[in-house]
Amino acid sequence: MKPFAYVSAPDVATAVRVIAAEPNAKFIGGGTNLVDLMREDIEQPDTVVDITRLPLTEIEELPGGGVRVGALVRNSHLAAHRLIRTRYPVLSQAILAGASAQLRNMATVGGNLLQRTRCPYFYDGAAACNKRVPGSGCDAIGGFNRNHAVLGVSDDCIATHPSDMCVALAALDATVEVQSVRGLRRVPLADFYRLPGGTPHLETALEPDELITAVEVPELTAPSSYRKVRDRASYAFALVSVAAALEVTDGVVTDVRLALGGVAAKPWRARQAEAVLLGAPATDESFRRAAEAELEPAVGRPDNTFKIELAQRTIVATLRRLSDRSLGVGRMA
Amino acid sequence: MVTLRMRVNGTTRSLDIEPWVSLLDALREQLDLTGTKKGCDQGACGACTVLADGERINSCLALAVQYEDRDITTIEGITHPIQQAFIEHDGFQCGYCTSGQICSAIGMLAEHGAGMPSAVTEPGATGLSEAEIRERMSGNLCRCGAYNGIVDAIKEVAR
Ligand SMILES: Cc1cc2nc3c(=O)[nH]c(=O)nc-3n(C[C@H](O)[C@H](O)[C@H](O)COP(=O)(O)OP(=O)(O)OC[C@H]3O[C@@H](n4cnc5c(N)ncnc54)[C@H](O)[C@@H]3O)c2cc1C
Ligand code: SF4
Ligand code: FES
Ligand code: FES
C-alpha cells in the first residue's frame, strides 16, 4: 500500500474543505472497498479523509412518507431499521443479500454507492483495463467475462456495478444528496451513474471533491422485493438480480418499478419493461413480454450470454411472486 | 506515525502506527495478539473477525487509525460457552478459521438477539433455525469443512 496522510474529519465543513484543498485525496467510510483497492495499488490517494465520525448516521422519516438516510449509516443498520423493513422490504432484502454480516457492519451507504467493479482484470495490475488505465484496452472483452455486463456496454468496457443495495435504490427513485465547498446539490440516482462509453474511468456524476451526505427515498405503497441469483447461496456477488415493486388492482398492473443488477455498469432501471407492464394484465405472459422488451438490446459474450435469459426469467419469477402476493395466493399467515 | 489509544480486551493500549496499517496487523504484530488470523486479507474469508464495540467486523479491511478509542475484543479476550461447544461438536479441524468463527458467532448471537434480520428471515419469524445460522455465518469460510460441527455448536449455545 502506498503511504498516505490521514485526516479524521470532525464535521462536514472540515471534510469538504480538506478534500478540496488536498490534491489526490479520498474519503474513507467503512474502508471495505477502498482499503482493498489501496492494498492492490489500484487506488493511490496521498491523503485519506476519514468521515466515519461525521454526524450523518440518522434514518429519518420525511413529510410525505419518504425516508432520508445519512451517508454514514452502516449497511447492517439500514437493513434492520423498522422503517426500511416495513416500507421498503426490497431495500432491506437487497442489503442483506450482499457481502457478509461483518462487511455490512462496516460498510456505509455512501461507500456502497461508490464501490468499484469486481472485474478481475480491473484488480490485476498486469492486465489491460481502460477503467484503471484509460486507453490501455480491455482484457475482459476477449477474456473471461462470465460476470460481465450485457446492457449498456461499450467497446471499451463491459464491467458491472456490483452493488445490491443500489439496485433497490434505483427501483425506488432515490436521490443522492451531495455537499462540497460550492454548496449542496441533489442528484437523482437515475443520473448518478454513467455508462462506460469511451470513458469507463468516469463512473458517476460526482466531482472528486464532493461528499455524499444522504440518500432520500420517496414514499412507496406497492409491495416490493429483491431476488438475487449467484454462484453460491450466500456471500457472493450477483450474476443477475432484480429489485421490483408491483401493485395490481383488479388483475391489472397499476404501479411497477423494476431494476436489474449484475447486468450493467450501473444499477439498471428497466423502463422498457415498466412501459410494457403498466396497465397490462398481471399475467406471466405480460411479465415475459416486459422482460423480453428490456433485454432486447442486450449484447452477450461467450461466457455471459446466459445472463440474458437468466435476467428475463428472474424478472418473471420476481413479478409473479409479487402479483401472487397481491392476489392473496400463497399468502403467509 | 500516529499515536492512538484503543481498548483491547478490556485494557487501554497505546499504539504508534502508520495510518496504512490494518487493525489486523496492529493486533498481531504490535500487540502480539496472534489469535486473530489472516486468511485472505481481502474481506473474503472471515478469519480476521474481531468485535468492535460488540459488533463483528473484518479487521483486515479496517485501518487501525479509524478505530481510535473503540473497544476491540479478540479471541484472547473471550470466555464464552461457545468455546466448549466447539470442542464438543468438533467445530474445527486445523483450527485456522476458529478464532474468527467464535468472534463471529458471538457477534451473530447479539445481532439475532437485537432482532436484526438476515437474508433468510421470514416476516414475523424470530427463531435461530439451521438455515438462519448458516446464512448469518456465511462470512466465515472453513477450508476444513467443519461447518456441520460449527452449526451444531452454535445451535447448542443458542438454545
Ligand atoms: C468479499 C466481499 C464481498 C462483497 N460482496 C458484496 C455483495 O455481494 N453485494 C454488494 O452489494 N457488495 C458487496 N461487497 C462490497 C461492499 O458492499 C462494499 O465494499 C461496501 O458497501 C463499501 O462501503 P464502505 O463504507 O466500506 O466504502 P469505502 O471502502 O470506505 O469507500 C468506497 C469508496 O467510496 C468513497 N466514499 C465513501 N463514502 C463516501 C461519501 N460519503 N462521499 C463520497 N465518497 C465516499 C471512498 O472514497 C471510496 O472511493 C463485498 C465486499 C467484499 C470485500
Ligand atoms: S471490463 Fe472494464 S474494468 Fe474490466 S478490464 Fe475491461 S475496461 Fe477494465
Ligand atoms: S483475512 Fe480478513 S476476511 Fe480473510
Ligand atoms: S478448521 Fe481448518 S479452516 Fe476451519
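What counts and what doesn't
Residues numbered from 1 in each chain as written. Chains lettered and ligands numbered in written order. Predicted model: local features only at pLDDT ≥ 70, side-chain atom pairs only at ≥ 80, totals over all residues. Heavy atoms only, no water. Domains from an automatic or database assignment. Buried area = accessible area lost by both parts, 1.4 Å probe. Salt bridge = Lys/Arg side-chain N within 4 Å of Asp/Glu carboxyl O. Near = heavy atom within 4 Å. Polar contact = N/O pair within 3.5 Å; in protein donor to acceptor, adjacent residues only side chain to side chain. Areas by Shrake-Rupley, 256 points an atom, 1.4 Å probe, with all protein chains shown as cover. Helix = DSSP H or I, 4+ residues; strand = E, 2+ residues; numbered from the N terminus. Contact = heavy atoms within 4.5 Å. Expected span 1.5 Å × (residues − 1). Buried < 20%, exposed > 50% of the residue type's maximum accessible area, 1.4 Å probe, protein only. Pairing = 2+ DSSP bridges. Axes fitted to C-alpha atoms, helices over the stretch in contact; angles between N-to-C directions. Parallel < 35°, antiparallel > 145°, perpendicular 65-115°, else oblique. Left-handed = near helix turned anticlockwise from the far one by under 90°. Core = buried A, V, L, I, M, F, W, Y, C linked by side-chain atoms within 4.5 Å. Nonpolar A, V, L, I, M, F, W, Y, C, P; charged D, E, K, R; others polar.

### A word on the domain arrangement of chain B
How big an interface is tends to be expressed through the accessible area that disappears when the partners come together.
Residue and element names in this part refer to chain B.
Inference 1: Taken as a whole, chain B is organised into domain 1 (2-77) and domain 2 (81-158).
Inference 2: Relative to domain 2, the C-alpha centre of domain 1 lies at a distance of 22 Å.
Inference 3: Here domain 1 meets domain 2 over a buried area of about 1200 Å², counting both sides, of which 54% is carbon and sulfur.
Inference 4: Broken down residue by residue, the surface that domain 1 buries against domain 2 is led by Thr-49, Arg-56 and Ile-75, which jointly contribute 47%.
Inference 5: Where domain 1 touches domain 2, the interface holds 1 salt bridge.

### With respect to the site of ligand 1
Inference 1: Neighbouring residues of ligand 1: 35 residues in total, closest Phe27(A), Gly29(A), Thr32(A), Leu34(A) and Thr108(A).
Inference 2: Residue neighbours of ligand 1 fall on chains A and B, so the site bridges chains.
Inference 3: One of the backbone nitrogen or oxygen atoms of Leu34(A) is found 2.7 Å away from an oxygen atom of ligand 1.
Inference 4: In this structure, Asn112(A) approaches ligand 1 through a main-chain N or O atom, which is 3.4 Å from an oxygen atom.
Inference 5: With the chains in place, 96% of the 980 Å² that ligand 1 exposes on its own is no longer accessible.
Inference 6: Those elements giving two or more residues to the shell around ligand 1 turn out to be β2 (25-28), α7 (109-113) and β8 (211-217) of chain A.

### Things to note about the interface of chain A and chain B
Inference 1: Tallying the contact residues gives 34 residues for chain A and 37 residues for chain B.
Inference 2: Taken as a group, Arg39(A), Gln102(A) and Tyr235(A) account for 22% of the area that chain A buries against chain B, more than any other trio of residues on that side.
Inference 3: Run the count over chain A and chain B and you get 2 salt bridges.
Inference 4: On inspection of chain A and its partner chain B, the count reaches 17 residue pairs in polar contact (both at pLDDT 80 or more).

### What to know about helix α13 (residues 306-326) of chain A
Every α-helix carries 3.6 residues per turn, so stepping three or four residues along brings you back to the same face.
All names here are of chain A.
Inference 1: A rise of 1.5 Å per residue sets the reference length of α13, with its 21 residues, at 30 Å; its end C-alpha atoms lie 31 Å apart and thus fit the reference within 8%.
Inference 2: Among the residues of α13, Lys-307, Ile-308, Ala-311, Gln-312, Thr-314, Ile-315, Val-316, Ala-317, Thr-318, Leu-319, Leu-322 and Ser-323 are the ones counted as buried.
Inference 3: Against β9 (224-229), β10 (240-249), β11 (252-261), α11 (271-277) and α12 (284-295) lie the buried residues of α13.

### Some details on the sheet that holds β8(A)
Residue and element names in this part refer to chain A.
Inference 1: The 5 strands are arranged β4-β5-β8-β6-β7 in an open sheet whose pairing can be described as antiparallel. Of all the strands in the sheet, the pair left with one neighbour each is β4 (59-61) and β7 (183-188). Averaged over all pairs of adjacent strands, the angle between their axes in this sheet comes to 20°, without regard to strand direction.
Inference 2: The sheet contact formed by β4 and strand β5 (residues 67-70) spans 3 bridges and is antiparallel. Counted as the bridge partner of Ile-59 is Val-69 from β5.

### What about the domain arrangement of chain A?
Inference 1: Domain boundaries assigned for chain A yield domain 1 (5-53) and domain 2 (224-326).
Inference 2: For domain 1 of chain A versus domain 2 of chain A, the separation of C-alpha centres amounts to 36 Å.

### Let's talk about the packing of helix α2 (residues 81-88) of chain B against helix α3 (residues 98-113) of chain B
Each pair of packed helices gets described by two things: the angle between the helix axes and the distance between those axes.
All names here are of chain B.
Inference 1: At their nearest, the axes of α2 and α3 sit 10 Å apart, and the two run at 130° to each other. As far as their axial angle goes, α3 and α2 are oblique. With respect to the hand of their crossing, α2 and α3 are arranged in right-handed fashion. The segment α2 lies against α3, with Ile-82, Gln-83 and Phe-86 engaging Thr-98, Gln-101, Ile-102, Ala-105 and Ile-106.

### What to know about the nonpolar core
Inference 1: Counting 57 residues, the largest nonpolar core has Leu78(A), Leu91(A), Leu113(A), Met165(A), Leu169(A), Leu189(A) and Leu211(A) as its most contacted members.
Inference 2: A per-element tally of this core places helix α9 (residues 165-171) of chain A first, with 7 residues.
Inference 3: Inspection of this core shows a minimum of three residues originating in each of domain 1 (5-53) and domain 2 (224-326) of chain A.
Inference 4: Look past the residues within four positions of Met165(A) in its chain and what remains in contact with it is Asn75(A), Leu78(A), Leu91(A), Ala94(A), Ile95(A), Val109(A), Asn112(A) and Leu113(A).
Inference 5: Among the nonpolar cores identified, the runner-up in size contains 33 residues, and Val48(A), Met106(A), Ala26(B) and Ala52(B) belong to it.

### A word on the site of ligand 2
Inference 1: Neighbouring residues of ligand 2: 14 residues in total, closest Cys119(A), Cys129(A), Cys138(A), Cys157(A) and Ile158(A).
Inference 2: Within the shell around ligand 2, the residues separate by chemical class into 10 nonpolar, 2 polar and 2 charged.

### Some thoughts on unusual backbone geometry
Residue and element names in this part refer to chain B.
Inference 1: For Asn-9, which is not a glycine, the phi torsion comes out positive at approximately 50°.
Inference 2: At Asp-69, a position not held by glycine, the phi torsion is positive, near 65°.
Inference 3: Its location among the elements puts Asp-69 in the loop between β4 (55-58) and β5 (71-73).
Inference 4: With relative accessibility at 52%, the residue Asp-69 sits in the exposed group.

### Here's the deal with the pattern of salt bridges
Residue and element names in this part refer to chain A.
Inference 1: Considering all chains together, one arrives at 36 salt bridges over all chains under this definition.
Inference 2: Across the pair Glu-292 and Arg-288 runs a salt bridge, and its minimum N-O distance is 3.4 Å. Of this pair, Glu-292 and Arg-288 both sit in helix α12, 4 residues apart, roughly one helical turn.
Inference 3: For Glu-292, a relative accessible area of 40% gives the class partly exposed.
Inference 4: A single network of salt bridges, built from pairs that share partners, joins Asp-173, Asp-255, Arg-257, Arg-269, Arg-271 and Glu-274.

### Observations concerning the pairing of strand β1 (residues 2-8) of chain B
Residues in a regular strand point their side chains to alternate faces of the sheet.
Residues and elements named next belong to chain B.
Inference 1: Inspection of the sheet shows β1 paired to strand β2 (residues 11-17) by 7 bridges, in the antiparallel sense. Counterpart to Val-2 in the pairing with β2 is Ile-17.
Inference 2: Counting the residues that bridge the hairpin from β1 to β2 gives 2 residues, and of these Asn-9 lies at a positive phi of roughly 50°.
Inference 3: Taken together, the 2 bridges between β1 and β5 define a ladder with parallel strand orientation. Of the residues in β5, the one forming a bridge with Arg-7 is Asp-71.

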